Amino acid sequence: MTRLSIHLSPATLQGYRGGKFRFMNKLREVVEGRGWRVSLREKSRFDRVLAGAGRAYHLHEIDGASGARGLNYRRAYFYPWWMFDHPNQRFGGRIGAMSFDAASIDGRVATAFYAGLKRNYLADWARGDPNGPALVPLQAELTRQRPWQFMDLKTLVSLIRQHDPAREIILKPHPKLTYSAKEQALLAELVTNPQTRISEAPMKEAMGGCAYIATQNSAAAFEAMVLGIPALICARADFHHGCTVLRPDADAASAFARLRGEKPDFARYLYWFLEKNCVHAGRDDAHRKIAALLAECGWPVGPIA
C-alpha cells in the first residue's frame with residue numbers, strides 16, 4: 001500500500017481537524033480513492049529524516065520537502081487556488097519553469113475570468129496611477145542579497161532613482177516583520193533622499209495609488225496584476241512571466257522603458273497561471289486537477305476522467 005504523510009503547521013492542522021480545509025479534504029479523497037493510506041502530522045525539524053527513512057510520499061506545507069517522493073504545496077496567492085512544487089523550488093518553482101504563450105489562451109474566456117477576479121479580489125482598491133510613486137514592498141533581510149535575489153534593496157532603489165529620476169519612491173515595511181537596527185539604519189539612509197519615504201499606510205492605499213511595484217519577488221507584484229498595475233522584479237519568482245524582470249546583466253534602461261510601456265495581458269496571464277496550472281478547491285473539477293498535477297510532478301496518481 002502506498003503511504004502519504006502530510007506535514008502541516010499547527011494552525012493548519014487544527015483548521016483541518018475542524019473541517020475547514022476543503023483542498024486537503026479533496027486531495028485525500030483523490031489518493032485514498034487509489035488505495036493510498038494518508039497520515040497527517042505537525043511539521044517538525046525531523047521531517048527530512050523521516051522522508052529518507054522509508055518508501056512513503058511526503059507533502060509539506062509551503063516548504064520542507066526533500067527527495068523524489070517529496071512535494072510542497074501552498075496557496076497560489078489568491079484563496080482558494082493551490083499549487084504544488086518540487087523540493088527546493090520555493091522561488092521559481094514548477095510554474096516559473098514553464099513558458100507562457102498568451103496566444104494559446106482564449107481571450108474571451110480570459111477576459112471573463114479576469115472580470116470575476118476584479119469583482120471578488122481587491123474590489124474596492126484603486127487601479128493605480130501612472131503619475132503615482134514607485135511602491136517598493138519590503139521583504140526580509142534588507143541588508144543582504146540572498147541566493148535567489150538578483151540584487152539587494154539598496155541597488156534596486158538606486159536603479160529606480162537612476163532610470164526614473166522624477167518618480168517618488170515609497171518603501172512599504174512588511175507588516176509581519178520587525179527590522180533589526182542594521183536594517184533600520186539602511187532605511188534611514190535611503191530616505192535621506194527627499195524623493196524617498198517610508199509609508200505605514202495600509203497596502204490598499206499604497207498599492208492603489210502607485211504607478212508600479214518594484215520588488216525582489218513580493219507577492220504584492222502578483223496581487224497588483226488584478227489591479228492592472230505593472231511590476232518590476234529582481235529575484236526568481238514563479239510569476240515572472242507577468243512582470244518586467246531586471247537582472248544584474250540586463251539593460252536597466254530598457255527594463256524601465258518596458259515597465260512604463262504597454263502593460264502585459266494580465267487577463268490571459270492570470271487565467272493561465274491560476275486556472276491552467278493551479279487547483280481551485282471549490283471547482284467541480286478539483287479532484288481531476290489535483291490528480292493531474294500530482295501526476296505531472298511524477299507521483300503515481302492516475303488521471304481522473
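As a reminder, the structure under discussion sits directly above these lines.
Keep in mind it's a predicted model, so treat the numbers as computed, not measured. Here the residue numbers are simple positions, counted from 1 along each chain's written sequence. Residue-level local features of this predicted model are given only where pLDDT is at least 70; pairs of side-chain atoms are given and counted only at 80 or more, and the full residue set underlies all totals for whole chains, interfaces and linings. To obtain the side-chain values, all non-hydrogen atoms of the structure were included, while hydrogens and water were left out.

**As for empty space enclosed by the protein**
The test is simple: Grid spacing is 1 Å over the protein atoms alone, the probe is 1.4 Å, and a cavity is where that probe fits but cannot get out, while a pocket is an open set with protein on both sides within 12 Å along at least five of seven lines and lining residues have an atom within 4 Å of a point. Grid points are joined across faces, edges and corners, and a volume is the space filled by probe spheres set on the points. Numbering of helices and strands runs from the N terminus; a helix is a DSSP stretch of H or I covering at least four residues, while a strand is a stretch of E covering at least two.
Summed over the entire model, instances satisfying the criterion amount to 1 cavity of 30 Å³ or more. There is about 50 Å³ of room inside the largest cavity. Every residue along the wall of the largest cavity is listed here: Val 136, Pro 137, Leu 138, Gln 139, Leu 142, Leu 153, Leu 156, Thr 215 and Gln 216. The set of elements that each furnish at least two residues to the lining of the largest cavity consists of strand E6 (134–137) and helix H6 (153–163).

**A word on helix H12 (residues 286–296)**
Let me state the cut-off plainly: Think of it in three bands: with a 1.4 Å probe and only protein chains considered, a residue is buried below 20% of the maximum accessible area for its type, exposed above 50%, and partly exposed in between. For this analysis, residues touch if any pair of their heavy atoms sits within 4.5 Å.
Residues of H12 that are buried include every one of Ala 286, Lys 289, Ile 290, Ala 291, Leu 293 and Leu 294, and no others. Where H12 is buried, its residues contact helix H2 (22–32), strand E4 (70–75), strand E5 (81–85), helix H4 (93–96), helix H11 (266–277) and strand E12 (279–280). Positioned one or two residues after H12, Gly 298 has a phi angle of 100°, which is positive.

**Considering the packing of H2 against H12**
Rules: To obtain each axis, a line is fitted to C-alpha atoms, and for helices this fit is confined to the stretch in contact; angles are then taken between N-to-C directions over 0 to 180 degrees. Throughout, the term roughly parallel applies to angles under 35 degrees, roughly antiparallel to angles over 145, roughly perpendicular to angles from 65 to 115, and oblique to all others. In this scheme the handedness of a crossing depends on how the near helix is turned from the far one: anticlockwise by less than a right angle means left-handed, clockwise means right-handed.
For the pair H2 and H12, the least separation of the axes is 9 Å and the interaxial angle reads 70°. If you check the angle between H2 and H12, you find them roughly perpendicular. Once H2 is placed against H12, the crossing between them reads as right-handed. Contacts between H2 and H12 pair Phe 23, Lys 26, Leu 27, Glu 29, Val 30 and Val 31 from the former with Ala 286, His 287, Ile 290, Ala 291 and Leu 294 from the latter.

**A look at the pairing of strand E7 (residues 169–172)**
In the case of a regular strand, side chains alternate between the two sheet surfaces. In plain terms, the rule: Strands are treated as partners if at least two bridges between them are detected by DSSP. The definition of a right-handed crossover adopted here requires that, viewed with the strands pointing away, the path from the first strand over the helix to the second runs clockwise.
Taking every second residue as pointing to the same face, both faces of E7 are buried, with Ile 169 and Leu 171 on one and Ile 170 and Lys 172 on the other. Bridge count between E6 and E7: 4 bridges; the pairing is parallel. Opposite Ala 134, over in E7, you have Ile 169 as the bridge partner. The parallel pair E6 and E7, bridged by H6, forms a crossover whose chirality is right-handed. In this structure, E7 lies alongside strand E8 (residues 196–198), joined through 3 bridges in parallel fashion. Its bridge partner lying in E8, Leu 171 is registered against Ile 198.

**Details of unusual backbone geometry**
The general pattern is negative phi for most residues beyond glycine and trans for most peptide bonds. In this model, Tyr 79 is joined to Pro 80 through a cis peptide bond whose omega is 10°. The topology assignment puts Pro 80 in the loop between E4 and E5. Despite not being glycine, Leu 122 has its phi angle at roughly 55°, a positive value. With respect to the element layout, Leu 122 can be found in the loop between helix H5 (107–120) and E6. Phi at Glu 141 takes a positive value of approximately 50°, unusual for a residue other than glycine.

**Some remarks on the packing of H5 against H11**
Spelled out, the test is: Lys, Arg, Asp and Glu make up the charged group, whereas Ala, Val, Leu, Ile, Met, Phe, Trp, Tyr, Cys and Pro make up the nonpolar group; the residues left over, Gly among them, are polar.
One can describe the packing of H5 onto H11 by two numbers: an axis separation of 8 Å at closest approach and a directional angle of 85°. In terms of axis orientation, H5 runs roughly perpendicular to H11. For the pair H5 and H11, contact is made by Gly 107, Val 109, Ala 110, Thr 111, Phe 113, Tyr 114 and Leu 117 and by Phe 266, Ala 267, Arg 268, Leu 270, Tyr 271, Leu 274 and Glu 275, respectively. A per-class count over the contact of H5 with H11 returns 10 nonpolar, 2 polar and 2 charged.

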